[in-house]
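A closer look at the structure
The chain contents come next:
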Amino acid sequence: MTKKMSTDELEELREAFQKVDINSNGFICDAELAKVFKEANLPLPGYKIRELMQKVDRDNDNQISFDEFITLFQDLKEDHVAQSFRKAINKKEGIMAIGGTSELSSVGTQHSFSKEERYAFTNWINSALEKDPDCSHVLPMDPNTDALFTAVGDGIVLCKMINLSVADTIDERTINKKKLTAFTTQENLNLALNSASAIGCHVVNIGAQDLREGKPHLVLGLLWQIIKIGLFANIELRRNEALAALLREGESLEDLMKLSPEELLLRWANFHLVNAGRPNITNLSSDIKDSKAYYYLLQQIAPDGSKEGVPQVEINMAGLSETDDLRRAEKMLLQADRLGCRQFVTPGDVVSGNAKLNLAFVANLFNKHPSLKKPENQDLDWSRLEGETREERTFRNWMNSLGVNPTVNHIYGDLLDALVILQLYERIKVPVDWDHKVNRPPYPRIGANMKKLENCNYAVELGKKKAGFSLVGIGGQDLNEGNPTLTLALVWQLMRRYTLNVLVDLGHGEAAGDELIINWVNKTLANASKATSISSFKDKEIGSSLPVLDLLDAIQPGCVNHDLVKTGSLSEEDKLNNAKYAISMARKIGTRVYALPEDLVEVNPKMVMTVFACLMGRGMKRA
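Residues numbered from 1 in each chain as written. Predicted model: local features only at pLDDT ≥ 70, side-chain atom pairs only at ≥ 80, totals over all residues. Heavy atoms only, no water.

Looking at the overall build of the chain
- Looking only at helices and strands, the chain features 28 helices and two strands.
- The proportion of buried residues among the 623 residues of the chain is 53%.
- Pairs at least 24 apart in sequence give 60% of the contacts found in the chain among residues at least 6 apart.
- Surface exposure of the chain reaches about 28800 Å², of which carbon and sulfur atoms provide 48%. (Helix = DSSP H or I, 4+ residues; strand = E, 2+ residues; numbered from the N terminus. Buried < 20%, exposed > 50% of the residue type's maximum accessible area, 1.4 Å probe, protein only. Contact = heavy atoms within 4.5 Å. Areas by Shrake-Rupley, 256 points an atom, 1.4 Å probe, with all protein chains shown as cover.)

Shown next, in the form of structure tokens:
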């Protein structure tokens with residue numbers, strides 16, 4: 001890379017990369033690159049495109065990764081084609097360019113946002129929250145204006161959308177709803193951002209000020225993550241066993257579990273298309289532009305009247321004979337509307353092959369009309385289909401919130417090549433030799449697992465020699481085979497170090513550890529004349545959440561509404577309500593807590609430690 005790029009430039013380039021990556025496989029091929037230059041009115045001959053590819057394609061796989069794309073763009077910044085190249089990227093998918101408004105982004109940079117996304121997300125939120133009285137001051141929003149960017153400014157809509165995607169993430173009692181001031185608005189936005197992070201959204205480059213100012217590219221980016229998490233929640237075999245109907249000959253349940261939600265949606269669509277006697281589709285962009293696949297999918301999933309209380313819907317297929325793509329798409333969406341599923345796409349989004357919005361459209365179709373039955377009388381080992389534990393979900397959300405690529409959908413299956421683990425090492429400031437020690441996809445057909453195993457061996461080596469982790473009895477093969485116990489042992493040490501690094505950065509150096517945190521907690525509680533204290537992270541008193549609530553009140557006096565806190569002899573329900581309130585309040589005062597209320601009630605020492613460590617970090621910043 002010729003010179004260091006700002007965070008905003010990198011974020012903008014990541015957006016650009018996703019727009020150029022037409023088939024959304026994480027790489028750009030020569031055809032995709034050629035299309036961008038053509039749109040820039042700079043059509044280049046094939047050999048020139050190949051020369052550009054070869055210049056940055058370090059691993060010689062005839063495609064460009066995101067890192068290689070950055071190198072290409074850096075080179076072009078010194079060249080006369082740079083401006084046209086940039087304009088071409090911003091033309092993709094109805095992109096609107098806006099000037100930067102933050103300190104980092106205002107120096108001659110531009111951010112872009114999609115009018116189509118603004119329209120789709122505004123309508124989705126209008127529909128989802130239309131009956132919520134707490135949102136009546138901003139809803140309904142006009143999807144053809146920038147009303148969305150203003151509406152999220154007080155944090156209430158964002159908090160509500162997070163709870164729609166993952167129920168009970170935010171304790172409603174902690175949302176400031178009336179007579180909002182600059183301070184109480186800031187609290188709501190803190191609550192929204194830290195809660196979004198806790199469910200796996202990547203919010204590292206988004207601040208409360210950005211949302212208050214309604215910066216379009218950041219608002220849409222955050223909303224898409226929140227909406228997608230909700231749309232994908234049930235597209236997972238352990239939560240929806242009917243997905244086993246999508247098994248192909250020779251596959252096991254474990255094979256199906258390895259598929260991402262996007263891959264499962266595509267397989268689901270093809271399952272119904274095959275039943276309709278139609279050819280498969282390979283993507284939700286170019287293959288659906290003529291709407292024909294959608295017609296047959298709608299016909300297959302429409303209620304047939306066999307389910308009690310659900311009337312039959314017969315899809316009108318006459319639109320297939322329409323010769324104009326846009327009119328055919330409009331008639332198709334009229335049929336989707338009869339199923340209550342017109343959301344997310346306009347006829348223009350279908351015809352342009354907008355991959356993001358078509359993915360959302362199909363996910364909504366699946367959620368409302370899956371038309372799948374769990375296979376019976378098949379030799380399937382259902383005993384191996386264990387639900388995701390709370391600890392696994394917390395670790396997975398933590399990883400995703402740090403922006404790892406690819407997204408972790410299955411904590412063991414997605415770590416088999418250690419690429420995510422290596423990215424986590426970088427997040428805890430352990431250098432990774434990407435150029436000489438790491439094998440990256442696409443892996444060769446022969447010897448692919450050996451390449452992944454080499455990555456796993458390197459990950460364990462880094463843990464032992466560079467990070468100083470205790471990895472006794474853990475080898476690269478354990479990660480490569482998805483050994484649950486040993487994989488979690490490494491992931492926990494990564495998360496622990498990440499949490500403690502906050503304290504290291506605030507001046508405690510290598511001293512940051514359990515004893516330091518416990519001493520700080522007790523000293524802070526005593527100085528605030530609180531009656532509670534903790535002896536360890538296993539202290540049973542933590543189960544009431546009272547030490548956490550007292551600490552919150554000590555860090556930010558007056559933040560806890562004691563009328564909402566249960567004391568004395570507590571039932572399990574009382575403990576859980578206290579814990580929900582404590583976790584949300586911690587996030588509201590600016591603490592990025594990943595633990596769940598149940599972790600406090602059950603006094604899970606690992607997660608309890610992260611809560612107190614994060615609160616210590618918040619308290620030290622105040623000091």
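Here we look at the packing of aromatic side chains
- Inspection of every chain in the model, using the stated rule, returns nine aromatic pairs.
- Geometrically, the ring pair formed by tryptophan 398 and tyrosine 498 is edge-to-face, given 5.7 Å between the ring centres and 65° between the ring planes. Here tryptophan 398, found in helix H18 (residues 390–401), pairs with tyrosine 498, found in helix H23 (residues 484–508); they are 100 residues apart in sequence, far enough to count as distant.
- Look at tryptophan 398 and you get buried, because its relative accessible area is 1%.
- Between tyrosine 425 and phenylalanine 469 the ring centres are 6.2 Å apart and the planes differ by 25°, which places this aromatic pair in the stacked class. Residue tyrosine 425 is found in helix H19 (residues 419–427), and its partner phenylalanine 469 is found in the loop between helix H21 (448–465) and helix H22 (476–480); the two are separated by 44 residues along the sequence. Residues tyrosine 425 and phenylalanine 469 agree in their burial class; the two are buried. (Phe/Tyr/Trp six-rings, centres within 6.5 Å; stacked < 30°, edge-to-face > 60°.)

Observations regarding H18
- Compared with an ideal rise of 1.5 Å per residue, which puts twelve residues at 16 Å, H18 spans 16 Å between its outermost C-alpha atoms and is within 8% of the ideal.
- Most of H18 is tucked away, with nine of its twelve residues classed as buried.
- All buried positions along H18 are accounted for by Glu392, Thr394, Phe395, Arg396, Asn397, Trp398, Met399, Asn400 and Ser401.
- Backbone geometry just after H18 places glycine 403 at a positive phi near 80°. (Expected span 1.5 Å × (residues − 1).)

Regarding unusual backbone geometry
- Along the chain, leucine 139 connects to proline 140 via a cis peptide bond; the corresponding omega equals -5°.
- The topology assignment puts proline 140 in the loop between helix H6 (115–128) and helix H7 (147–151).
- Going from asparagine 405 to proline 406, the amide bond is cis rather than trans, its omega being 5°.
- Inspection of the secondary structure assignment puts proline 406 in the loop between H18 and H19.
- If you check the backbone angles, alanine 418 has positive phi at about 65° while not being a glycine.
- In this fold, alanine 418 is placed in the loop between H18 and H19.
- Its relative accessible area of 0% is what places alanine 418 among the buried residues.

Concerning the nonpolar core
- Among the nonpolar cores identified, the biggest contains 94 residues, and Phe121, Ile125, Leu148, Leu158, Leu222, Trp268 and Phe361 are the most heavily contacted of them.
- Broken down by element, the residue count for this core peaks at ten residues, all from helix H11 (residues 216–232).
- In this structure phenylalanine 121 touches Leu148, Leu220, Leu223, Trp224, Ile227 and Leu357, once residues within four positions along its chain are discounted.
- Counting 81 residues, the second largest nonpolar core, distinct from the first, contains Leu471, Ile474, Leu552 and Ala595. (Core = buried A, V, L, I, M, F, W, Y, C linked by side-chain atoms within 4.5 Å.)

Looking at the pattern of salt bridges
- Applying the stated rule across the entire model yields 25 salt bridges.
- A salt bridge links aspartate 134 to lysine 160; its shortest N-O distance comes to 2.8 Å. Linking aspartate 134 in the loop between H6 and H7 with lysine 160 in helix H8 (residues 156–165), this pair joins segments that are 26 residues apart in sequence.
- Residue lysine 530 is joined to aspartate 553 by a salt bridge in which the shortest nitrogen-to-oxygen separation is 2.8 Å. Of this pair, lysine 530 sits in the loop between helix H24 (514–527) and helix H25 (546–555) while aspartate 553 sits in helix H25, and the two are 23 residues apart along the sequence.
- A relative accessible area of 21% places lysine 530 in the partly exposed class.
- Classification of aspartate 553 by relative accessible area gives buried; the value is 11%.
- Each of Asp132, Asp134, Lys160, Glu172 and Lys177 takes part in a single network of salt bridges with overlapping partners. (Salt bridge = Lys/Arg side-chain N within 4 Å of Asp/Glu carboxyl O.)

Section: the packing of helix H14 (residues 292–301) against helix H15 (residues 325–338)
- Close contact between H14 and H15 brings their axes to 10 Å; oriented N to C, the two are set at 15°. Here H15 runs roughly parallel to H14, going by the angle between their axes. You can see that H14 and H15 cross each other, and the crossing is left-handed. In contact with Lys292, Tyr294, Tyr295 and Leu298 of H14, H15 contributes Arg328, Lys331, Met332, Gln335 and Ala336.
- Tallied by class, residues from the contact of H14 with H15 come to five nonpolar, one polar and three charged. (Axes fitted to C-alpha atoms, helices over the stretch in contact; angles between N-to-C directions. Parallel < 35°, antiparallel > 145°, perpendicular 65-115°, else oblique. Left-handed = near helix turned anticlockwise from the far one by under 90°. Nonpolar A, V, L, I, M, F, W, Y, C, P; charged D, E, K, R; others polar.)

Comments concerning the environment of glutamine 556
- Assignment of secondary structure puts glutamine 556 in the loop between H25 and helix H26 (572–588).
- Between the C-alpha atom of glutamine 556 and that of isoleucine 589, which follows or precedes it by 33 residues, the distance is 7.6 Å.
- Non-local contacts of glutamine 556, meaning those with residues more than four positions away in its chain, are made with Phe183, Glu187, Ile589 and Arg618.

As for the side chain of threonine 499
- Of note, threonine 499 is situated in helix H23.
- A polar side-chain atom of threonine 499 sits 2.9 Å from the main-chain carbonyl oxygen of methionine 495.
- When sequence neighbours within four positions are dropped, the list of residues in contact with threonine 499 reads Thr610, Ala613 and Cys614. (Polar contact = N/O pair within 3.5 Å; in protein donor to acceptor, adjacent residues only side chain to side chain.)

Observations concerning the environment of threonine 145
- Tracing the sequence through the fold places threonine 145 in the loop between H6 and H7.
- Once the C-alpha coordinates of threonine 145 and tyrosine 119 are considered, the two residues, 26 residues apart in sequence, prove to be 8.4 Å apart.
- A polar contact of 3.2 Å, which involves the side chain of threonine 145, links it to the backbone nitrogen of alanine 147.

Some words on the packing of H6 against helix H17 (residues 355–368)
- For the pair H6 and H17, the least separation of the axes is 10 Å and the interaxial angle reads 25°. By the angle between their directions, the pair H6 and H17 is classed as roughly parallel. Here Glu116, Glu117, Ala120, Phe121 and Trp124 of H6 lie close against H17, whose contacting residues are Lys356, Leu357 and Asn364.
- For the contact of H6 with H17, the per-class residue count stands at four nonpolar, one polar and three charged.

Overview of the confidence of the model for the chain
- Here the chain averages 88 in pLDDT, and 85% of its residues register 70 or above.
- Note that pLDDT drops below 50 for residues 99–109; the model gives that stretch 14 contacts with residues more than four away or on any other chain. (pLDDT = per-residue confidence, 0-100.)

Quick word on the side chain of asparagine 354
- Note that asparagine 354 resides in the loop between helix H16 (347–352) and H17.
- The class of asparagine 354 is buried, set by a relative accessible area of 1%.
- Here the side chain of asparagine 354 touches lysine 356 through a polar contact of 3.3 Å, landing on its backbone nitrogen.

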